[in-house]
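The primary structure of each chain is shown beneath.
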Amino acid sequence: MPDLFSPFTLKDVTLRNRIAMSPMTMHRSVDGAVGDYHVMLYGSRAAGGFGLVFPEQIAITPEGRTTSACAGLWDDRHVEGLARVTRIIKEMGGVPAIQLGHTGRKGSEQKPWEGKLQLPPDHPDGWQLKAPSPISYGGRYTYPVEALSVAEIAGIHRAYADAARRAVAAGFEWLEMHFAHGYLGASFFSPLANQRDDRYGGSFDNRLRFHLEALDAVRAVWPERLPLTMRLGSDDLHPDGVQFDEAVAAVGRMTAHGLDLADLSIGFNTDAMTDPPFARMAFMVERGARVRREIGIPVGVSWNLGLPAVADRVIRDELIDLVFLGRPALSNPHWPVWAARELAHPDPFALVPEDWGWWLRNFRAHEACIGWPAPGAGSA
């Protein structure tokens, strides 16, 4: 029976445990390039015991960013900074993963702490939004959206492939495509955002075509020995949007195009969601377990898995294969060590680098002063 600290092997890559740091956009890049901040952030999480470590979503084009301060991989000059990130992750015992994406109609924003409003195309930090159809998201996303031409769609697929080649050069060993959260891939799959009347819109097959062609483009350049995964917007929580049954079928179709693992999330193609479940513990696990059971593909999910006992249970019950943690990974760079202490792991400090581990194991002072919460503080 696996548990949260069991190794996990996919293709030729083995993770030391089932704990992944989810991509969380930091808005700290300059013209797409990452720097010392990113080396610190992701290296510390690998040192803290995370098995799989993602930097933030990496944009495949300048227009694919959320803000002008987001990271990218649309140019060869971006490789050097990301190579520094992959080197520190590997040195600290983790596996470096990259999430490639394009924000579509949810880009051209201010930084969140500056208001998170959408910027007009003529603003120095803004750009013209592109999407499957000329439909604005609504709410704080107010500016007109232009429909992508078929030629532009082909160009985006080439940009995915080009970014994947650079990801190999930078040393990444796991690739995820971000097709959730209302971004471009999610928009193509959702009838709420995609009202095209050509081969990329209308029927289920047509709305999935963008995904399959993107997978084919990346699979052609991404080494077969390394995992190729996707974060899929699996449910719009709206009667006219993506239904979860469609997502199950979509994952089945994508396995024939090289998909190795499904990372399931919500579509977020509208704010008008029915009974949003975001405060419920582990609410994506049931959906993930269904895909794992019916399609036979490994599955990871996020959302409210930050309690060690809950994260461990969903792995022990073989409902999902990986636990993705976003804000918990930001809150506690040593979350895996904390979880190991909570779950009575025989050697929690085996998760940190050997030199740190030696000092922590040989602690001779009062146990309460070691700097970790007492075991039991994280029980469900």
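Reading the values: the criteria
- Residues numbered from 1 in each chain as written.
- Predicted model: local features only at pLDDT ≥ 70, side-chain atom pairs only at ≥ 80, totals over all residues.
- Heavy atoms only, no water.
- Helix = DSSP H or I, 4+ residues; strand = E, 2+ residues; numbered from the N terminus.
- Buried < 20%, exposed > 50% of the residue type's maximum accessible area, 1.4 Å probe, protein only.
- Polar contact = N/O pair within 3.5 Å; in protein donor to acceptor, adjacent residues only side chain to side chain.
- Contact = heavy atoms within 4.5 Å.
- Core = buried A, V, L, I, M, F, W, Y, C linked by side-chain atoms within 4.5 Å.
- Salt bridge = Lys/Arg side-chain N within 4 Å of Asp/Glu carboxyl O.
- UniProt positions renumbered as here; feature names shortened; annotations may be inferred.
- Phe/Tyr/Trp six-rings, centres within 6.5 Å; stacked < 30°, edge-to-face > 60°.

(A) Representation of the side chain of Gln-99 within the structure. You can see Gln-99 is positioned in strand β6 (residues 95-101). Overall, Gln-99 belongs to the buried group, its relative accessible area being 2%. A distance of 2.7 Å separates the side chain of Gln-99 from the side chain of Glu-176, its partner in a polar contact. In contact with Gln-99, other than residues within four places in its own chain, are Pro-23, Phe-54, Glu-56, Gln-57, Ile-58, Glu-176, His-178 and Arg-231.

(B) Quick peek at the nonpolar core. If you look at the biggest cluster of nonpolar residues, it comprises 107 residues, and the most contacted ones within it are Trp-174, Leu-264 and Leu-305. A per-element tally of this core places helix α3 (residues 150-170) first, with eight residues.

(C) Local environment of helix α8 (residues 308-316). Taken residue by residue, α8 has Pro-308, Val-310, Ala-311, Asp-312, Val-314 and Ile-315 as its buried positions. Tucked into the core, α8 has its buried residues touching α7 (285-295), β13 (322-325) and α10 (335-342).

(D) Main features of the environment of Leu-330. Assignment of secondary structure puts Leu-330 in helix α9 (residues 327-331). Residues Leu-330 and Gly-155, spaced 175 residues apart in sequence, show a C-alpha to C-alpha distance of 35 Å. Setting aside its immediate chain neighbours within four residues, Leu-330 contacts Met-21, Met-24, Met-26, Leu-41 and Arg-45.

(E) Molecular detail of the pattern of salt bridges. All chains considered together, the criterion is met by 29 salt bridges. The shortest N-O distance in the salt bridge between Arg-196 and Asp-198 comes to 2.7 Å. A residue is classified by how much of its surface remains accessible, and Arg-196, at 12% relative accessible area, is buried. According to the relative accessible area criterion, Asp-198 is partly exposed, its value standing at 23%. The partner of Arg-219 in a salt bridge is Asp-260, with the nearest N and O atoms 3.2 Å apart. In this pair, Arg-219 is assigned in helix α5 (residues 204-219) and Asp-260 in the loop between α6 (244-255) and β11 (261-265), connecting sequence segments 41 residues apart. By relative accessible area, which is 12% here, Asp-260 ends up buried. Connected through salt bridges with shared partners, the residues Lys-11, Arg-219, Glu-224 and Asp-260 form a single ionic network.

(F) Just the UniProt feature "domain: NADH:flavin oxidoreductase/NADH oxidase N-terminal" (unreviewed entry) in the protein, in detail. Within this numbering scheme, the UniProt entry marks residues 3-343 as carrying the feature "domain: NADH:flavin oxidoreductase/NADH oxidase N-terminal" (unreviewed entry). Here residues 3-343 runs as 33% helix and 15% strand, with 10 Å between its end C-alpha atoms.

(G) The arrangement of the packing of aromatic side chains in detail. Counting across every chain of the model gives 14 aromatic pairs. Where Phe-54 meets Phe-324, the ring centres are 6.1 Å apart and the plane angle is 40°; that geometry is what we call tilted. Residue Phe-54 is located in the loop between β4 (52-53) and β5 (58-59), and its partner Phe-324 is located in strand β13; the two are separated by 270 residues in the primary sequence. For the residue pair Phe-54 and Phe-324, the accessibility class agrees, reading buried in each case. Ring geometry for Phe-189 versus Phe-204: centroids 6.1 Å apart, planes at 65°, classification edge-to-face. Placement of Phe-189 in helix α4 (residues 184-189) and of Phe-204 in helix α5 is noted, with a sequence separation of 15 residues between them.

(H) Layout of unusual backbone geometry. Phi is positive for His-27, which is not a glycine, with a value near 55°. Residue position: His-27 is located in the loop between β3 (19-21) and α1 (36-47). One non-glycine residue, Ala-282, lies in the positive phi region at around 55°. Note on placement: Ala-282 falls in the loop between β11 and α7.

(I) Inspection of the environment of Arg-28 at higher detail. By the element assignment, Arg-28 lies in the loop between β3 and α1. Between the C-alpha atoms of Arg-28 and Phe-324, which are 296 residues apart in sequence, the distance is 22 Å. Leave out the neighbours within four places in its chain, and Arg-28 touches Tyr-37, His-38 and Ala-69.

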